[in-house]
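Results of the structural survey
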Amino acid sequence: MRILSVMMTLMLIFSSTVWAAGPAFTGNLRSSGVVLTNAVPAPDGGTVRSGDTVVTRPGALAVVTSATHGRVELRPDSEARFANDRLELTRGAVAAARLPVAVDGFTI
């Protein structure tokens, strides 16, 4: 019984530590057309977090708004990964209000 209580206590401590170190970027997604988040169709009004990859298919548009990072638009046929402090553009075009954009080793 004592081992069980020790294990439960450790799980509680480590789970709250992981939660406290959660994603830094969080934004709300507005989408038009086919938009994928981490290869899954994203619903309009969904949430985007650090580490998420957002893909817009041809003719689609994704707009992510964040209180801390402003507005980010992913134009049609684009792919980008949201990091804690920047947007990493893989292909396509984006417009970002306050979030730096990294492309091929350059940050804009």
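Refer to the structure presented above.
This one's a predicted model, so the numbers in the text were calculated from it and none came from an experiment.

A few points about the pairing of strand 1 (residues 26–32)
Where strand 1 meets strand 4 (residues 47–49), three bridges bridge the pair, whose relative direction is antiparallel. Looking at strand 4, one finds that Gly27 is bridged to Val48. In this structure, strand 1 lies alongside strand 6 (residues 61–66), joined through five bridges in antiparallel fashion. Bridging from a neighbouring strand, Ser31 pairs with Ala62 of strand 6.

Thoughts on the sheet that holds strand 7 (residues 70–74)
As summarised here, the arrangement of the five strands in space is 4-1-6-7-10, forming an open sheet in which the pairing is antiparallel. Whereas interior strands pair on both sides, the edge strands pair on one side only; in this sheet they are strand 4 and strand 10 (94–96). For this sheet, the mean inter-axis angle between neighbouring strands, taken without regard to orientation, is 25°. Across three bridges, the pairing between strand 7 and strand 10 is antiparallel. Along strand 10, the bridge assignment pairs Glu73 with Ala95.

Some words on the packing of aromatic side chains
Summed over the entire model, instances satisfying the criterion amount to one aromatic pair. Note on Phe25 and Phe82: the rings are 4.9 Å apart at their centroids and 25° apart in plane angle, and the pair reads as stacked. One end of the pair, Phe25, is in the loop between helix 1 (2–20) and strand 1; the other, Phe82, is in strand 8 (residues 78–82), and 57 residues separate them in sequence. Grouping residues by exposure puts Phe25 and Phe82 together as buried.

What counts and how
- Residues numbered from 1 in each chain as written.
- Predicted model: local features only at pLDDT ≥ 70, side-chain atom pairs only at ≥ 80, totals over all residues.
- Heavy atoms only, no water.
- Pairing = 2+ DSSP bridges.
- Helix = DSSP H or I, 4+ residues; strand = E, 2+ residues; numbered from the N terminus.
- Axes fitted to C-alpha atoms, helices over the stretch in contact; angles between N-to-C directions.
- Phe/Tyr/Trp six-rings, centres within 6.5 Å; stacked < 30°, edge-to-face > 60°.
- Buried < 20%, exposed > 50% of the residue type's maximum accessible area, 1.4 Å probe, protein only.

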